[in-house]
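# Structural description and commentary
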Amino acid sequence: MKNNHLFIFIGFITLACGPKKTDVLVSTRRVADLIYAVGTVKSEREISFRTGIYCHLDRIYVKEGAIVAAGAPLFQCEGTTYRAPFAAQVTDVLYREGENIVPGTPALNLIDSRRLYVQAVLDQHSAYKVRPGQKAFFVSEIFPGGRKATHIESIFPRNDRFLVRLKVDELAAGVLPGMTLDAIIEVAVRENTPVIPIKAAMSANRFLCNGKEKRQVALTAIDAEWAEIVEKDFDYTNYKVCS
């Protein structure tokens, strides 16, 4: 019996001394509708060496994966030496010494892994909203803070698909052509948008008060943390969430 009384007493003290409810005021934030896409890293410069006639491959100077300087010899075919037109990496060596290169088929491929951009495919609904110059960012753990700012360079159709090209100033070390990056594009930006924390919105029946009046508002979730007040043409200064 004594233990039961002790339990009730401690419980009363805990409730009475617990933290007080903190007022949640309406604040303003920069809000933008977001389009999510998966981009592919591509190179500005690639080249595939082909011959116009049958050619006996005398010698190969490089291996796949080799980094070559501009002007470096790549292979020799019947006395003619083919050289790298720019600094690049060898991605394919498709013939062996002593073989004959078939006209029109690639013999060796190069790619410039330093001059990169990102290309993403959008659905038609998203493509309507995207314009050159819009802000965007890449999301990946390889970037400091988990993201890197960029912008839309162009949007264009190709074979009934809608492609966007995203600017790349510098990517993290180790990013290679062919890799993918998650991209988020900002469209329909709204400055000074009234918002409240989404947790408060879920528990407050969507009412706001300022000590004089009580307003019911409609809300739209922005993300996992914030909800946007749909009615913008009103001064919400000093308004707080109430039940």
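Residues take numbers from 1 onward in each chain, read along the sequence in its written order. With pLDDT at 70 or above as the cut-off, local features in this predicted model cover only qualifying residues; side-chain atom pairs require 80 or more to be listed or tallied, and sums for whole chains, interfaces and linings still use all residues. To obtain the side-chain values, all non-hydrogen atoms of the structure were used and water was disregarded.

### Considering the confidence of the model for the protein chain
pLDDT is a residue-level measure of predictor confidence that goes from 0 to 100. Per-residue confidence for the protein chain gives a mean pLDDT of 86, with 90% of residues at or over 70. Put simply, DSSP H or I for four residues or longer makes a helix, DSSP E for two residues or longer makes a strand, and each gets a number counted from the N terminus. Averaged pLDDT values over the elements of the protein chain bottom out at 40 in helix H1 (residues 2-16) and peak at 97 in strand E9 (residues 106-111). Only heavy atoms enter the contact rule, under which two residues are in contact if any of them lie within 4.5 Å. Scored below 50 in pLDDT, residues 4-20 makes zero contacts in the model with residues more than four places away or belonging to other chains.

### Side note on the sheet that holds strand E8 (residues 100-101)
Whether two strands pair comes down to DSSP finding at least two bridges between them. Pairing in this open sheet of four strands is antiparallel, and the strands run E6-E5-E3-E8 from one edge to the other. Pairing within the sheet leaves two strands with one partner each, and these edge strands are strand E6 (80-83) and E8. Looking at chain direction, strand E3 (residues 55-60) and E8 are connected through two bridges and run antiparallel. Bridging across to E8, His56 finds its partner in Asn100.

### Brief notes about the state of the cysteines
When two cysteine sulfur atoms lie within 2.5 Å, the pair is treated as a disulfide. Following the criterion strictly, the structure yields two disulfides and no others. Disulfide partner of Cys55: Cys77, at an S-S distance of 1.5 Å. Note that Cys55 is positioned in strand E3 and Cys77 in strand E5 (residues 73-77), a separation of 22 residues in sequence. Residue Cys55 is classed as buried on the basis of its relative accessible area of 6%. We classify Cys77 as buried; its relative accessible area is 2%. There is a disulfide in this structure between Cys209 and Cys242, and the S-S distance comes to 1.9 Å. Between Cys209 and Cys242, the S-S torsion sits near 70°, and that sign places the bridge as right-handed. Placement of the pair is Cys209 in strand E15 (residues 207-209) and Cys242 in strand E19 (residues 240-242), with a sequence separation of 33 residues. For Cys209, a relative accessible area of 14% gives the class buried. Taking only the cysteines that form disulfides and numbering them from first to last, the protein chain has the pattern 1-2, 3-4. When accessible area is computed with a 1.4 Å probe and restricted to protein chains, residues below 20% of their type maximum are described as buried, those above 50% as exposed, and intermediate ones as partly exposed.

### Some details on the nonpolar core
The nonpolar side chains of a soluble globular protein tend to be buried, and buried together. Residues grouped as a nonpolar core are buried Ala, Val, Leu, Ile, Met, Phe, Trp, Tyr and Cys residues, joined through side-chain atoms within 4.5 Å. In this structure, Leu122, Phe138, Leu166, Leu171 and Ile185 are the most contacted members of the largest nonpolar core, which totals 22 residues. For this core, the secondary structure elements donating two or more residues are strand E1 (27-43), strand E10 (116-122), strand E11 (135-139), strand E13 (161-166) and strand E14 (180-197). Of all hydrophobic cores here, the second largest spans 19 residues; its members include Val68, Phe75, Cys77 and Leu110.

### Here we look at the environment of Tyr95
Within the fold, Tyr95 resides in the loop between strand E7 (88-93) and E8. For Tyr95, a relative accessible area of 15% translates into the label buried. For the pair Tyr95 and Ala107, spaced 12 residues apart in sequence, the C-alpha to C-alpha distance is 6.0 Å. Every residue in contact with Tyr95, bar those within four places of it in the chain, is listed here: Leu57, Ile60, Asn100, Ile101, Val102, Thr105, Pro106 and Ala107. Among the polar contacts listed, one links the side chain of Tyr95 to the backbone nitrogen of Val102, at a separation of 3.2 Å. A polar atom in the side chain of Tyr95 sits 2.8 Å from the side chain of Thr105. Nitrogen and oxygen atoms within 3.5 Å of one another constitute a polar contact, given that in protein one can donate a hydrogen and the other can accept it, and given that sequence-neighbouring residues count only through two side-chain atoms.

### A few points about the sheet that holds E9
Spatially, the four strands line up as an open sheet ordered E2-E9-E7-E4, and their pairing is antiparallel. Two strands in the sheet have a free side with no partner beyond their single neighbour: strand E2 (46-50) and strand E4 (67-68). When E4 meets E7, the two strands line up antiparallel, connected through two bridges. The residue bridging Val68 from the neighbouring strand is Ala88, located in E7.

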